[in-house]
Every structure is written in structure tokens, then in C-alpha cells.
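Below, each chain spelled out in residue letters.
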Amino acid sequence: MIENSMFEEEPDVVDLAKESPSYPIDSDDVVYEPRSSRLLVRGLGENDLDEDEEDYESSARLLGMSFMNRSSNQRSASSSYTRQQPSGSCSMPSAKTTVVGVLILVVVVSIFMVIYFVPGCTFTRKGCPKTNSTMNNIYPNSTSGEIFPWAELRLPSSVHPVRYDISLHPDLKNMTFQGSVSIKVEVLHETKIIVLHSFDMNITKATFEGQVVNFLEYKPWQQIAINFSEDLKKGTYGLNIEYTANFSNSYDGFYNSSYVDTNGTKRVLAATQFEPLAARKAFPCFDEPAFKSTFLIKITREPNYISLSNMPKVKTTDLKNGLQEDEFKESDTMSTYLVAFIVAEFTSYSRNVSNTTVSVYAIPDKKEQVHYALDTAAKLLEFYNTFFEIDYPLRKLDLVAIPDFLAGAMENWGLITFRETTLLVGNNSSPIDKQLVTSVIAHELAHQWFGNLVTMRWWNDLWLNEGFATYMQYMSISNVFPDLDINTEFLNVRFKALAKDALNSSHPVSTGVSTPEQVEEMFDSVSYEKGASILLMLNATLRDGEFRKGVIEYLQKYNRSNTESEDLWNSLSQVSKQNVNVSEMMHTWTVHKGFPLVTVKRNGTQVTLSQEHFLLNAENSTDDSSLWHIPLTYVNESCSVLSSCKQVFHLKDKTAILKLPAKVKWLKFNFRSDGFYIVHYDVDGWKDLIEALQNVAVLPCEDRAALINNIFALSRLGKVSFRQVLNLMNYIKNETETAPLTEALFQLGQIYRLLDKRSELNLASRMKSYIDDHFGSLMESQSWELESSVSKMTLRSALLEMACSLNRFNCTTQAKRLFDQWVDSNKTFQIPSDLMTTVFKVAAQAEDGWDVLLSTYKHSICDAEKRKTLEALASTQDVRKIIWVLQKSLDGSEIQTQEFPLVIHTICKNFAGYLYAWDFVKENWGKITQKFPVGSFAIQSIIMSATSQFSTKTHLMEAQNFFSSLGAKGSQMRIVQEATETIKQNMRWMEKNLDTLQHWL
Ligand SMILES: [Zn+2]
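Computed from a predicted model, the values in this text were never measured in an experiment.

**As for the coordination of the zinc ion**
Moving on, step 1. Coordination sphere of the zinc ion, protein contribution only: Met1 (N), Met1 (O), His443 (NE2), His447 (NE2) and Glu466 (OE), at 2.0 to 2.5 Å.
Moving on, step 2. Considered as a linear motif, the donors of the zinc ion on their single chain read M-x441-H-x3-H-x18-E. Taken together, the residues span a long stretch of sequence, with Met1 in the segment before strand S1 (30-31) and Glu466 in helix H7 (residues 462-480) at a distance of 465 residues.
Moving on, step 3. Judged by its relative accessible area of 5%, Met1 falls in the buried class.

In C-alpha cells:
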């Protein structure tokens, strides 16, 4: 799977807020009165709301509450969270206090009793350890009241599925489906129970070996069980279940979706998204990745629809009621999360690629937008067939653009599903749009081997799927599509992964998980981006060809089975001819969370190297003795640009001495930033490097970008002063390459946004001047014409987006000119696609521009254009429009709900809306978690977007209060710790550096 929001946090796109409201809002200016009264917020004007504006009231009221909470004298008396309780609960505070007190007492006593009576079961995030005889006490009650015979989240291993025979009849009019599943199971150890997963379905009949049996259900763990009076002997048995269910109303399971075609007709379709835990919503099954099995799928549909599944269709049968049944070939052995089926009115183009029919499907209106994807998939399939030396094993490969899809794409075996943006390419799409589509296709195709053919045993090793697919996506594209400048993108991704992994709330690449929320949480930057980064580091350390050889060996050895991290390292160890124990080295990168900070001190030819955990918030650190085996690379002035210049030193201990053969002027470690660590130099070391940079070409551009990235990170850690950062940045006026420039813009933009949101208006405006001074001439020299180089486009879109955000006259004038030309030509004039977001964002600030864009959003059939339009709509400074966009994207009426995380992300970049967005998230948390699973990437993105701009104690407390109020709806999420930590980090940075900024900016 690839998460869509991963493309939204592009570090190279910076969005500085427009002018702050003309009357800066101050906590003391806000008076909040009860709901029946009116809100007075100076700066927004007195909000005397009309009847028809009533919709806005609650969020505006909430804004008042947010601001009021910033005022410490009122905070204790009126927390916004207590105010959200039903009014009745506040009527008798003394009674309420008593009840709460008694409840707390009961809960505490119960917890103690449970702990006392359940020896061997500690309540950690990992849940209870394995059952033992004394655990009988805590077998839960099933729905019927009987004891449920299983007390673990993981299924017992005594019974395995061998083959599923699934018949489904989706009713797209009534939004329900009927199903029957026959599972051939194998009993490996004698047992009296069979336990499997099932979620939210109405089981109408169940038989075992032809005999009707009774099912017990334990809903919290989504399990059902059959109790047998006698042990089942080893052997195979038949289990049949008939059921009905509603389509899922979130984006997982078997869900329905609708769209309006260009004739204005509403069309409906049904599709699936099972990874990680939602196959159980479509059919009862053993829903864990290690329970591989074959699947034979039949789908009943109306004749005007088509159906698709993992395997090719073998026959269609006319049924008596005018319906038709499609039957698909029995699948290869595979995990349940990879099963997929779709019923829709799609059309396709196909092509044969070495014994496989590759097809790309879309709705008929977008039929002609599939050609780029078809070409790309064909080229990449050939690349992977050759690279892995194992041909893609199925005879067909479908790539399908689904109009309503939350993730970026999903690698279901033989039936890959995508968002329209990540698969379709229209006539006006730019190479940057193509870069996105190519990346997602490359990622999902890599999964057909990494994930589908060889699968991680359990979700703790999700990185084996995702880290590998992410790495292969960059590697394959740099080979097959060198023009797409994918290496710069990969460098940004590594910087992003370092930033996330520097927090104490991060986790080891391979980490224990048991609850559904923890499984969802594994889909994060660590599994994907850090996973890919450590594979790059390993490949750069091994000799040419060794990495590929090891991968082939691994795929052949574990073909169609399940693995753990060690299996991969062992395969790579076996092929490595070097004096490095791959398994021992890589183990240190997968079991420790975080990454090392390497400190370099040079004295003549003697270099002292030391490593420590790079941890931004060391206060709660529990893990600071970690040591990594670091394949340290370095270059010096005698040879610094070519790969052959690179020298390697293996740092395994806390400190080590490196002896240089001769004196050098300077040393730069982590050549091309291929390694997953940050390097700090002593004062002279930095000085020498800064001096060396007077000749920009002395280092490859990846190294220059990494110096910028590392020094900002070190300033966050408190290792260097902000003055040193600015010293390094002095060279930037001579910089022309995309990677260092976009990294510098990103870092400065982050600081600017924090200053702006703290209403440090003086400093924010000085930061603007600094950016003007250092990037102004480059901004002015950018063209607004069509451009073909991806690298140039990436750079100019970052520069011009920044320039227009800063209200630079030339930028906004040019943007308006292009927008007017586009409107005057009835939208036939081609705005360069990489500048579209910038142009639209400028236009969206005017009333008529916003209206034009809203109509474009509603009617465009080009999804890439639609998303850029939506970003512009959400970047408005008009509070009422901001609230409208928030509401419409959550309820899905006029803006697709799948875009809600993007909407929050965009609004939160700007001063005008970030507090509204935060309040909206708090107020609507229940609804949000109905649409997006707790812990999922979408939820992670929403929380981080809404809170990462806070840097005051008041906001910290407010966020903590909110998170702790969530209870089962998310208080335990890792992202909650990450958010809290990020706010604390922002606070600390501000405390430390505000004075320096006053002085040096
Ligand atoms: Zn993936």
C-alpha cells in the first residue's frame, strides 16, 4: 500500500501564510459567553450571526474557546473540553464530582484486582502474553453471554485455512451484500475450537462438515469461534458460512462509492480495501498475513456492470433472475489482505507484456487518461521481471483508478487499486504529475514480489513490505525513467524520515504490535521511509551486484511463504563477499528506534569519531545506550565528487579513532547522504566546510543539501547556535541546484510559520526579508512558461510558491495574469501544471477567483487538477470559506471525504485557519474516526497537521487535554505522543532561539 498523504508532506513545498489578519487576535481580546450569547473576537469583527450563518457558529464559538484557553486566568474555570459535555451533565457539579470519584475508585480497584488475579499478564502496549491455564479467568464473554473460548488477539495456530470458495452478491441499490464462504481448513494440532475473524456481518447459517454449528462471537476482537465437544483430529475439514452485511461506510472492507458522470448521472460502484485488517469485513476468514491460502471467487452482478478480482475471469453464467455470475480462476496461495474485487462500470486498455496481460481501468469519462499508466506499468513490469529473475507469476495484471479511495494505492495481487490522481494522466499533466504516477506504479509493482510473493509473517515486520517497495520504487525509476529526477525526491524522503525518527515517540523499524490500532500505526514514515533509507545504506555499503544477488536469493528461498527481518539479512549475508557481517550490522538498524548522531573531531591526521542517539527530546529517553554499526563514509578536498572518492570506516563502538594517511583541509562525512545518520563537526570542522563551500561545486548537491539539513537539525538539538546555521546559509546565494535550495526553503519556511503563528510579527517579517534577500533574485529569474525538466520544475514551483506567499509583487501579478488568461480562454489556456497550485492559491484569495475554482473543482474530470484546485480553495484567508471547506470535506457532500486530510493539512499551514481546523478536529473527532480508522495514516496526518504548528504552553496543555479525553478513540496512539513531543520541541526551540533571531536576522 502507499499512503496518499505521503505525497502531501512534500518538504519542498512551503506555504508561508499571507498577511496576518489586520487586527492580530490576542487572547485578551476574546470574550466567550455561553452558546446562547454571541462571540466577540476582535480581529474577526463582532460576529453577529444571521440565521443562515448559524452553521458557522459552533466553530466560531470554538475558536473563541481556543483563544480563551490561551488566557491563563480563565483556563482553569472553563476548559473547552468540559464545555463539550452534554449540558445536563454540568447541572450538578458536586453530584458529578462524587460520581466521577466513585467511578475512578471502582476502575482503579478493578484494575488492581485484574492484575492481582491474572498472574503473568502485564498490561503493556503489547497486550497480554500467551495464555496459560490460569488465564481461564479472563476469557471474555461472547455476544450471546457464553464464555468465548479464546483470549488472544492473534488467532490460534492449530487450524489453518487451505482454500476459500467465496460467492458474493453485492446489491448496489440497497448497499448490502450477501455472501457465502466455504473454507477448507487443516487441523494441525488436535483442538476443540476453531477461531477466525468476522466483523459486522449477520451470519445466517454455519455448517461444519455439513452439520449446522453454533457460532460464538466476541466483537471487540472481531473474532468468531466454534466450540466442539470433542477434539478435532488432524486432517482437513469443510466449514461453510452464509451471511449478509452492509457495505462499509468507511474506506475499508467491501465499500460502495458513487460519482457523477459528465452527463450528470450518478453512478455507483463497489470496491475493496483490505489491508491491513478489513478482509474480515467482507467475508469470515483467518485474517492474518501468515494464514496464506488459495481463493476461488464468484461474483453475481447486473449485466451492465463488470466485475474484477485478483485472477482472470474463467466464465460468466446467466442466472435466472437476469443477473450474471462471474467466476475467477483459483488464486495462488496468498494472504487475505491481498484479496480484492470490484463491481463497477469501468472501461480499459490492455497490452501484453511477457505472458501477462496488463490492463488499466478507469470510469468511461476518463478512459483516455490511462495510456501513460499502461506504458509505465509495462516498462516497470519488464524491469522487475529481469531484476528479480522471477517472472510476475499471474497471467493478468489490472491497474484500476477508483473514484473514491483513501490510500494512494493498494497492491492487491493482480488487481492493483489506485486513486485517480495516482494513476491517471491527462493531456495537461506535467512531468511532476507523471513522476507521482510513476512512483506509485513502481511501488505497487514492487509489492507483487515484496509482499505478495514473499510476505512478512506479522505486521511487526511491515517494513519488509513497505520499506522494500519504497526503496525499489526509487531504484527502478532511476533506472527506467532517469528524466524524472527521482533521486532528489528520494533525498527529501530520507530527510523527512530522519525528522520523524528523531522523536522519542518513534519506534524501531521492526516492533511488536498486537491491537488493531497498533497494526494501523505501523503504516508510517518508519516502515516506509526509514525502511527504504536503511536499504539504500546497505546497498551503498555492499559491492556492486551483491544487494541484487541477495534479494534474488531471498525471493527464491521464501517464494510464496512468510518471513521475518532476519531472513532477509541472512540471505544478504550469504552473498556478501565483504568483511562485514550484514546481519549483525542491519540488526542494529532494525531493533533500535532512532538513528545515530556522529560527532567528528579532527586533530591533524587523527579523527575522533563518536556516536550517540540523536534524540530531540531527551527528557523522557529510555533508550540512550543504543549503539549502531555505522558504515561511515567520507571524502576530502583531494577527491570529493565521484563515487570512487568515497572511503568507508565502520563505526561500531561508542567512540573510535580514524587515522588519515595525510593532512586534509576538510572532511565531509556521509557521502551523498546515503547513510541514515546525522553528522556534527567540531567548530573548526564546520568552519572548514563553510569555507570550502565558497566553491559550490566542491561537493555533490546531495551533500550540500545534507549539510543544510543536518545543521538545522543540530540547531534543534541545541548542538549548534542559530548563528552557525546562518553562517552556513550564506553560501546559498551562489547555489543553483534543486536539492539544496528546496531544503533551505523548507527549513526557513518551517521557522517562519512557527514565528507567524506565535504572532511574532516583527521576527516573521524579518524572516521574510531574509528570504527575500537570499532567494529574491532566483525567484525573479524563474520562467512562467511551460517547462520540461523535472528538476527545474521542482525548483521553480517551490520558489514561486514561496514568492507568492510572501506577496512578492511580480509573483502575484504573474499568477493573476495566468489565471485571467485561463478564465478568459474558458479554461483551455494551459497553465504550466507545476505552477497551477501557486496560480490557483493566489486566485483563491479573491471572491470571484474562489468561485471559479469551486466550480472547477466540481466539474473537472482531471483529478490532478482537482486536487490542486482544492488546495487553493482550502488556502483561502476567509474564515467562513475555511469552515465551509472543513464541513463539506468531512461530510463528503461537495468535497470528497478522502480529501479531508489534505484539507486539514492545507488549512493548518495558514494563520487564518489553523485554530479553526484544530477546533474542528476536536469537535468532530467521533465523526472523523468513523471515516478513518484510529491509528491509520490518515488520522496520523490529521493530528500532526492540526498540532505541529503549536509552540506555546497553553496549546500544549490544550492538546494534552484533548488527547487524554479520547480514551479508546485514540489516546494511546503513538501519533499523540509524537504531536505532544513536537509541540514541546517547538516551545524549546523558540525559547532558545528567539533572542538569537532578534539579533541575527
Ligand atoms: Zn506499499
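**Side note on the sheet that holds strand S6 (residues 191-197)**
Moving on, step 1. On the basis of which strands lie adjacent, the open sheet formed by three strands has the order S6-S10-S9 and antiparallel pairing. The open sheet terminates on both sides in strands that have one partner only, identified here as S6 and strand S9 (216-218). Between one strand axis and the next, the sheet turns by 30° as a mean value, whatever way the strands run.
Moving on, step 2. Strand direction decides the pairing type here: S6 and strand S10 (residues 223-232), joined by six bridges, are antiparallel. Its bridge partner being in S10, Ile194 is matched across the sheet by Ile226.

**Some words on the UniProt feature "site: Transition state stabilizer" (unreviewed entry) in the protein chain**
Moving on, step 1. The feature "site: Transition state stabilizer" (unreviewed entry), as annotated in UniProt, sits at Tyr528 in this numbering.
Moving on, step 2. Tracing the sequence through the fold places Tyr528 in helix H10 (residues 525-541).
Moving on, step 3. A residue is classified by how much of its surface remains accessible, and Tyr528, at 1% relative accessible area, is buried.

**Quick notes on helix H24 (residues 879-891)**
Moving on, step 1. Relative to the 18 Å expected for 13 residues at 1.5 Å per residue, H24 spans 19 Å between its end C-alpha atoms, a close match to the ideal helical length.
Moving on, step 2. Across the 13 residues that make up H24, a large majority, ten, are buried.
Moving on, step 3. Of the residues making up H24, those classed as buried are Val879, Lys881, Ile882, Ile883, Trp884, Val885, Leu886, Lys888, Ser889 and Leu890.
Moving on, step 4. Between the side-chain oxygen at the start of H24 and the backbone nitrogen of Arg880 there is a gap of 2.9 Å, and the oxygen is on Asp878.

**A look at the nonpolar core**
Side chains that are nonpolar tend, in soluble globular proteins, to be buried together.
Moving on, step 1. Phe283, Trp589 and Phe669 are the most contacted members of the largest nonpolar core, which has 317 residues in total.
Moving on, step 2. In contact with Phe283, not counting residues within four places along its chain, are Tyr164, Ile166, His197, Met201, Tyr243, Phe274, Phe295 and Val339.

**Quick look at the sheet that holds strand S31 (residues 667-669)**
Moving on, step 1. In spatial order, the strands read S29-S28-S31; together these three strands make up an open sheet with antiparallel pairing. Two strands lie at the open edges of the sheet, namely strand S29 (647-651) and S31, each paired on one side alone. Taking each pair of neighbouring strands and ignoring which way they run, the sheet shows an average axis angle of 35°.
Moving on, step 2. Sheet topology places strand S28 (residues 630-636) next to S29; five bridges connect them, and they run antiparallel. Each bridged residue has a counterpart across the sheet, and for Tyr634 the counterpart in S29 is Gln647.

**So, H7**
Moving on, step 1. In a regular helix each residue adds 1.5 Å, so 19 residues correspond to 27 Å; H7 covers 27 Å between its end C-alpha atoms and thus fits that length.
Moving on, step 2. Of all 19 residues that make up H7, 16 are buried, and the element is covered over most of its length.

**Side note on the state of the cysteines**
Moving on, step 1. As enumerated under the stated definition, the model contains two disulfides in all.
Moving on, step 2. At a sulfur-sulfur separation of 1.9 Å, the disulfide partner of Cys639 is Cys645. Judged by the torsion about the S-S bond (-75°), the Cys639/Cys645 disulfide is left-handed.
Moving on, step 3. On the basis of relative accessibility, which here comes to 31%, the residue Cys639 falls in the partly exposed class.
Moving on, step 4. With relative accessibility at 6%, the residue Cys645 sits in the buried group.

What counts and how
- Residues numbered from 1 in each chain as written.
- Predicted model: local features only at pLDDT ≥ 70, side-chain atom pairs only at ≥ 80, totals over all residues.
- Heavy atoms only, no water.
- Donors = N, O, S within 2.8 Å, 3.2 Å for Na, K, Ca; no water.
- Helix = DSSP H or I, 4+ residues; strand = E, 2+ residues; numbered from the N terminus.
- Buried < 20%, exposed > 50% of the residue type's maximum accessible area, 1.4 Å probe, protein only.
- Pairing = 2+ DSSP bridges.
- Axes fitted to C-alpha atoms, helices over the stretch in contact; angles between N-to-C directions.
- UniProt positions renumbered as here; feature names shortened; annotations may be inferred.
- Expected span 1.5 Å × (residues − 1).
- Polar contact = N/O pair within 3.5 Å; in protein donor to acceptor, adjacent residues only side chain to side chain.
- Core = buried A, V, L, I, M, F, W, Y, C linked by side-chain atoms within 4.5 Å.
- Contact = heavy atoms within 4.5 Å.
- Disulfide = S-S within 2.5 Å.

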